[in-house]
Amino acid sequence: MQFLSNDLFLTKNLYRETLIKQSFIIFAHVMMENLVGETHRPGRIEVVCGSMFSGKTEELIRRLKRAKIARQRVEIFKPSIDTRYSDADVVSHDHNAIQSTPIDSSASILLLSSGIDVVGIDEAQFLDDDLVDVCNELANRGVRVIIAGLDMDFKGIPFGPMPALCAIADEVTKVHAICVRCGALAYVSHRLVHCDKRVVLGEKEEYEPLCRECYQKALAEENASPADTQTASGPGADEV
């Protein structure tokens, strides 16, 4: 019982420290925004990345709403395949929303962003690799580009154009969900349903954020009893 009590104490402390670190990162970014001001951000690329449930879209919406308050011309885009909460709007897991334009190709962003000061892009991992050149061109024109997306897929492999976008970005913000098994910082989005397709749209029924250690344990459990893994079928998971 003493060992269990100590483990619980350590887990609670780790969870508390994780929340403090996450809050400090957001606080530091807000303070920087207050010092710089929304109207003094010439062409640049900002990337917000992390696992599922880490607050990427929430942070994207926050920055875009600030730009709108500063009376900047803002346009938001998202992949047309992402219809989890809305066909058109960008919506966070906490159901905060902002109007957007669904697109099938990154080339559409250049066509639809004429005369725009700030371009926001959500779920960038689902777009094509040409997105890198598109964002560079916009930034070179003096447009502020804010991108949110998963840095890795459910196998822990860098996802779509996100690695290259992080490389060319002026600023990268890595946000973290909380591991649902131990309370540490989450490392990856672990898929709960059995499907080898890379893109399976889903929520908490299909994915869980896990730290590196818990993710390795989950993989070992699945390999030991594959028959117990839930199958991705029916309306619970949209496959692309």
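Definitions and limits used
Residues numbered from 1 in each chain as written. Predicted model: local features only at pLDDT ≥ 70, side-chain atom pairs only at ≥ 80, totals over all residues. Heavy atoms only, no water. Helix = DSSP H or I, 4+ residues; strand = E, 2+ residues; numbered from the N terminus. Buried < 20%, exposed > 50% of the residue type's maximum accessible area, 1.4 Å probe, protein only. Areas by Shrake-Rupley, 256 points an atom, 1.4 Å probe, with all protein chains shown as cover. Polar contact = N/O pair within 3.5 Å; in protein donor to acceptor, adjacent residues only side chain to side chain. Core = buried A, V, L, I, M, F, W, Y, C linked by side-chain atoms within 4.5 Å. Contact = heavy atoms within 4.5 Å. Phe/Tyr/Trp six-rings, centres within 6.5 Å; stacked < 30°, edge-to-face > 60°. Lys NZ or Arg CZ within 6 Å of the ring centre and 35° of its normal.

Draft legend 1. Representation of the overall build of the protein chain. Counting its secondary structure elements, the protein chain contains six helices and 14 strands. Counting across all 240 residues of the protein chain, residues that qualify as buried make up 45%. Here the protein chain has roughly 12400 Å² of accessible surface; of this, 55% comes from carbon and sulfur atoms.

Draft legend 2. Unusual backbone geometry, seen in detail. A positive phi angle is found at F53, which is not glycine, with a value near 65°. Non-glycine residue R71 carries a positive phi angle of around 65°. Along the chain, R71 falls in the loop between α2 (56–69) and β2 (74–79).

Draft legend 3. Spotlight on the environment of D104. One can find D104 in the loop between β5 (101–103) and α3 (107–112). Assessed through its relative accessible area of 69%, D104 is described here as exposed. Sequence separation of D104 and L127 is 23 residues, and the distance between their C-alpha atoms is 7.6 Å. A distance of 2.2 Å separates a polar atom in the side chain of D104 from a polar atom in the side chain of S80.

Draft legend 4. Representation of the nonpolar core. Core analysis: the largest hydrophobic core is formed by 23 residues, its most contacted members being I109, I121, I147 and L165. Elements represented by at least two residues in this core include exactly β1 (44–50), β6 (118–121), α4 (131–140), β7 (144–150) and α5 (162–168). No other element matches α4, which puts six residues into this core. Once you skip the residues sitting within four places of it in the chain, I121 turns out to touch L60, F77, I109, L127, L131, C135, V145, I146, I147 and A148. Within the second largest apolar cluster, twelve residues are counted, among which are M52, A186, V199 and V200.

Draft legend 5. The arrangement of the packing of aromatic side chains in detail. Evaluation of the coordinates by the stated rule reveals two aromatic pairs. A centroid spacing of 6.0 Å and a plane angle of 85° characterise the contact between F126 and F159, whose relative ring orientation is edge-to-face. Taken together, the residues F126 in the loop between β6 and α4 and F159 in the loop between β7 and α5 connect sequence positions 33 residues apart. Given the relative accessible area of 5%, F159 is considered buried. Measuring from ring centre to ring centre gives 6.3 Å for Y187 and Y215, while their planes differ by 55°; the resulting arrangement is tilted. On the criterion of sequence distance, the pair formed by Y187 in the loop between β8 (171–174) and β9 (188–191) and Y215 in helix α6 (residues 212–224) is long-range, its members being 28 residues apart. Here the basic side chain of R191 rests over the ring of F154, its NZ or CZ set 3.6 Å away from the ring centre. Taking the ring centre of Y187 as reference, the NZ or CZ of R212 above it sits at 4.1 Å.

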